[in-house]
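As a plain string of letters, each chain reads:
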Amino acid sequence: MAGRILRELLHTRRTLWFWVLFPALMLLLFGTVYAAKLGGMDQSFTRTSPGILIGAAMFFSCLAGPLTCIVGERERHTIRRLLISPLSGTAYFFGVLWAHVIIAFGQGAIIYAITLSVGGGFHGSLWLGAVIIILSVAAYAGIGIMFGAFFAKRTEDATGPVAAVGVPLLVLGGTFFPSDNLTPFLLRLAQFDPVFHMNKAMRAVWIDGSHLSELSDTILLLALMALISIALGAASYRSMLQKEQLG
Amino acid sequence: MDTAPIIEIHGLRKRFGSVEVLNGVDVDILEAEIFGFLGTNGAGKSTTINILTNQIVPDDGTIDIAGMPVSDETNRLIGLAPQDIALYPRLTVRENLRFFAGIYGLIGGARRRHVDRILDVVELRSESSTAVEKLSGGWQRRLNLAVALVHQPRIAILDESTVGMDVEARFRMWETIRALKTDGVTVVLTTHLMDEAEALCDRIGILHNGRIAALGTMDQLRAIVPAVQLAEIECSDMQLLMRRAKASNFLTRHHAGRATLLLPKQLTIRDLIDQLAPLDIQSARLRDISLSDVFLEIASTD
């Protein structure tokens, strides 16, 4: 399943380029904007990279990707074949998840390379960074599958839920500016935003070099969110299959 | 026929709300035969296929496939070519086949052999590196069938699989379907094209009002129409024609503005015109009983 999704992406070079171009441009833009305030390009790129990776890059690839994947199965009628095949819903879900983990690592590598090229760096454990990426992708993918199963009948419907729900979550999650700028009320509200915790964890590792022991609560919370999201995604997928069977 | 049934359907009933779609369907489908399911829209063909493939549960009745009740396990014996093209358009022909072979557990050399074999069966080897979205509709239909067959199922369910194909492509598809039977695959075919069912099917089951209204070989089905030959007549006074036909003991059928006489014995045109005289006959044509006639005969019994 993962191989099929990645092959389709390779054949659709335009989408692939957009997923590379978008985070790269966002990083260049925000890195340059904050350069004067943060004391140079190296500091600025290092500090903006985690948010750009979690928010701008992975949000659109790993939430919108699974969403369009599910909608695409319905649109192309391949769901009919999958329904009678031995492929289980769980195998399907983890195939989608694995494909998007690979995409997220690719995007992470691009952002890391750009940051390195201006003298910035990654100060924490790469393994811990990878764990945060995997948990974040799981959370995004579950939500994406849920939206795909319930709210989008066609691929063009996908942009609606992503824009309406996703972009406010990104802003509230501190993707584009530090969370210090949020009012106390918004900061309390942000505690319920998964993106806020993903950004917080990735910033702590990337910028401050925090260890697992310092981040255990946040990592546990991310794992919990990922589990809830996977459960919601799997339940939505099963519900969609039942509807397709009756339809 | 002395072959054993591979699909045994008994007393199948299914109701959706107040609509009884299947009302006691009974039919056995034999191993390595081409069986045609015919019926008007809403006759219950799709519902039967959905129950066969374990997509919906019947209210009553049983289906056994190769001696086992319908389950996810029996689905492994089935290859379904749905009516809609169900492929990944951006992947190549080979990549589509590889993916679907993979989800049936085929990997490595076995998968390559299966994919190569099916590319030859459906004559798509020359297009194996072409993206599906660049194939013509006819080629896409062939691949739609190939994907259903890539795991070498014992039963191929082809749901309107030639719809939208040009004549030449249809004939090529027919050859492929006949070759499946030669290889021992049982083919269950649904189609609206009567000539296709006549040309391909060993036996045909006509679903009507939720039941199998007629079942048998083409010869057995022809016997449902009470005639040995049909005459299509165009005449300036159709009412007079009907009276003359009745007087000559010919049964008549009227469909889409044309009168058809059911002849109890072989006649020549001259004999027929003589029997109907005096009438201003504009055209007269004798023909054999077709599946369409059987279909209309069954529909007219409502």
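Before reading on, note that the structure itself is shown above.
In this report, the structure presented in the accompanying data block is examined. Numbers given for residues are sequential positions, taken from 1 along each chain in its written order. By the order in which they are written, chains take letters starting at A while ligands take numbers starting at 1. Two thresholds apply to this predicted model, a pLDDT of at least 70 for residue-level local features and 80 or more for giving and counting side-chain atom pairs, whereas whole-chain, interface and lining totals are computed over all residues.

### Some thoughts on the overall build of chain B
Under the convention used in this document: In DSSP terms, a helix is any run of H or I states spanning at least four residues, a strand is any run of E spanning at least two, and both are numbered starting from the N terminus. Neighbour density around each residue's C-beta defines its exposure: 20 or more other C-beta atoms within 10 Å make it buried, 12 or fewer make it exposed, and counts between make it partly exposed, where C-beta atoms are placed from the backbone. Whether two residues are in contact depends on their C-beta atoms, placed from the backbone: they are in contact if these lie within 7 Å.
Helix and strand counts for chain B come out as 11 helices and 14 strands. Taken along its principal axes, the extent of the C-alpha atoms in chain B is 75 × 45 × 40 Å. By residue count, 41% of the 302 residues in chain B fall in the buried class. Taking as baseline every contact in chain B between residues at least 6 positions apart, the subset at least 24 positions apart corresponds to 70%.

### Here's the deal with the environment of Thr92 of chain B
Residue and element names in this part refer to chain B. Looking at where Thr92 falls in the secondary structure, it is placed in the loop between strand E6 (78-81) and helix H3 (93-103). Between the C-alpha atom of Thr92 and that of Ile233, which follows or precedes it by 141 residues, the distance is 53 Å. Among all residues touching Thr92, those that are not within four sequence positions of it are Ser128, Ser129, Thr130 and Ala131.

### A few points about the sheet that holds strand E10 (residues 211-216) of chain B
Strand pairing in a sheet relies on backbone hydrogen bonds. The paired strands run either parallel or antiparallel. Residues and elements named next belong to chain B. Selection rule: The pairing criterion for strands is at least two bridges between them, as found by DSSP. Axis lines are fitted to C-alpha atoms, over the contacting stretch for helices. Their N-to-C directions set the angle, which ranges from 0 to 180 degrees.
Taken together, the 6 strands give an open sheet; going across it, the order is E6-E7-E8-E3-E9-E10, and neighbouring strands pair in mixed fashion. The open sheet has two free edges, formed respectively by E6 and E10, since each of these has just one partner strand. In this sheet, neighbouring strand axes are inclined to one another by 15° on average, regardless of whether the strands run parallel or antiparallel. Bridge analysis of E6 against strand E7 (residues 155-159) gives 4 bridges, and the strand direction is parallel.

### Thoughts on the nonpolar core
Applicable threshold: Any nonpolar core is a set of buried residues, restricted to Ala, Val, Leu, Ile, Met, Phe, Trp, Tyr and Cys, that join up through C-beta atoms within 7 Å. Bear in mind that the domain bounds are from an automatic or database domain assignment.
Judged by nonpolar contacts, the single largest core of 85 residues is most densely connected at Leu97, Ala146, Val150, Ala156, Ile157, Val187 and Leu189 of chain B. Mapping this core onto the domain boundaries places at least three of its residues in each of domain 1 (5-222) and domain 2 (229-299) of chain B. Setting aside anything within four residues of it in sequence, one finds Ala156 of chain B in contact with Gly79, Ala148, Leu149, Leu180, Val185 and Val187 of chain B. Counting residues in each nonpolar core, the second largest holds 60 residues, with Met1, Leu63, Ile70 and Ile132 of chain A among its members.

### As for the packing of helix H4 (residues 41-75) of chain A against helix H7 (residues 126-150) of chain A
All names here are of chain A. To keep it simple, the criterion reads: For classification, angles of less than 35 degrees are called roughly parallel, those exceeding 145 degrees roughly antiparallel, those between 65 and 115 degrees roughly perpendicular, and all remaining angles oblique. Put simply, a crossing is left-handed when the front helix is turned counterclockwise from the back one by less than a right angle, and right-handed when it is turned clockwise. Side-chain classes follow a simple rule in which Ala, Val, Leu, Ile, Met, Phe, Trp, Tyr, Cys and Pro form the nonpolar group, Asp, Glu, Lys and Arg form the charged group, and the remainder, Gly included, forms the polar group.
Running from amino to carboxyl end, H4 crosses H7 at an angle of 40°, the nearest separation of the two axes being 7 Å. Looking at the two axes, H4 sits oblique to H7. Every pair of crossing elements has a handedness; the one defined by H4 and H7 is right-handed. Where H4 approaches H7, its residues Ile54, Met58, Phe59, Cys62, Leu63, Ala64, Gly65, Pro66, Leu67, Ile70 and Val71 are matched on the opposing element by Ser136, Val137, Tyr140, Ala141, Ile143, Gly144, Ile145, Phe147, Gly148 and Ala149. Of the residues contributing to the contact of H4 with H7, the split by class is 17 nonpolar, 4 polar and no charged.

### Let's talk about the packing of helix H2 (residues 13-33) of chain A against H4 of chain A
When two helices pack together, their arrangement is given by the angle between the helix axes and the distance between those axes. All names here are of chain A. As a packed pair, H2 and H4 sit with axes 8 Å apart at the nearest point and diverge in direction by 145°. Our pair here, H2 against H4, has a crossing hand that is right-handed. Where H2 abuts H4, its residues Trp19, Phe22, Pro23, Met26, Leu27, Phe30 and Gly31 lie against Met41, Ser44, Phe45, Thr48, Ser49, Ile52, Leu53, Ala56, Ala57, Phe60 and Ser61. Taken together, the residues of the contact of H2 with H4 break down into 13 nonpolar, 5 polar and no charged.

### Quick notes on helix H6 (residues 167-182) of chain B
Along an α-helix, residues three or four positions apart point the same way, because every turn accommodates 3.6 residues. Residue and element names in this part refer to chain B. Filter applied, for reference: Take the residue count of a helix, subtract one, and multiply by 1.5 Å to get its expected span. Directions pointing from the helix axis toward each C-beta atom define the arc.
Over its 16 residues, H6 runs 23 Å from end to end, which matches the ideal 22 Å to within 8%, given 1.5 Å per residue. Within the span of H6, buried status applies to Arg170, Met173, Ile177 and Leu180. Angular distribution of buried residues about the axis of H6 spans 65°; they occupy a single face of the element. Those residues of H6 that are exposed and aimed more than 90 degrees away from the buried face are Val167, Glu168, Phe171, Glu175, Ala179 and Thr182. On its buried side, H6 packs onto strand E3 (34-39), helix H5 (137-149), E7, strand E8 (186-190) and helix H7 (194-200). Just past H6, the residue Gly184 takes up positive phi, approximately 90°.

### Things to note about the interface of chain A and chain B
On the side of chain B, 25 residues touch chain A, which itself brings 17 residues to the contact. Those elements that place two or more of their residues in the side of chain A that touches chain B are helix H1 (2-11), helix H5 (78-84) and helix H11 (212-246) of chain A. Looking at the side of chain A that touches chain B residue by residue, the classes come out as 5 nonpolar, 6 polar and 6 charged.

### Quick look at the sheet that holds strand E12 (residues 251-255) of chain B
All names here are of chain B. The sheet built from 4 strands is open, its strands ordered E12-E13-E11-E14 with antiparallel pairing. Edge strands, defined here as strands with exactly one partner in the open sheet, are E12 and strand E14 (281-287). Within the sheet, the average angular offset between the axes of one strand and its neighbour, ignoring direction, is 25°. Where E12 and strand E13 (residues 258-263) come together, 5 bridges link them in antiparallel fashion. Pairing of His254 across the sheet is with Ala259, part of E13. Where helix H9 (residues 238-247) meets the sheet, it contacts strand E11 (229-235), E12 and E13, and its direction lies at approximately 10° from that of E13.

### Observations regarding the environment of Gly89 of chain A
If you trace the backbone, Gly89 of chain A turns up in helix H6 (residues 89-117). When the C-alpha positions of Gly89 of chain A and Ala234 of chain A are compared, they lie 7.2 Å apart, and in sequence the two are 145 residues distant.

### A word on unusual backbone geometry
Even without being a glycine, His77 of chain A presents a positive backbone phi close to 65°. For His77 of chain A, the location among the structural elements is in the loop between H4 and H5. Residues other than glycine seldom take positive phi values, yet Ala66 of chain B does so here, at roughly 50°. Positionally, Ala66 of chain B belongs in the loop between strand E4 (60-65) and strand E5 (68-69).

### Things to note about helix H8 (residues 159-172) of chain A
Residues and elements named next belong to chain A. Convention followed: Fitting axes to the seven residues ending at a residue and to the seven starting there, one defines the bend at that residue as the angle between these axes.
The terminal C-alpha atoms of H8 lie 19 Å apart, and with 14 residues this matches the ideal 20 Å at 1.5 Å per residue to within 8%. A maximum bend of about 30° is found in H8 at Gly166, where proline Pro168 lies one to four positions downstream. Within the span of H8, buried status applies to Pro161, Val162, Gly166 and Leu170. Phi turns positive one or two residues past the end of H8, at Gly174, with a value near 75°.

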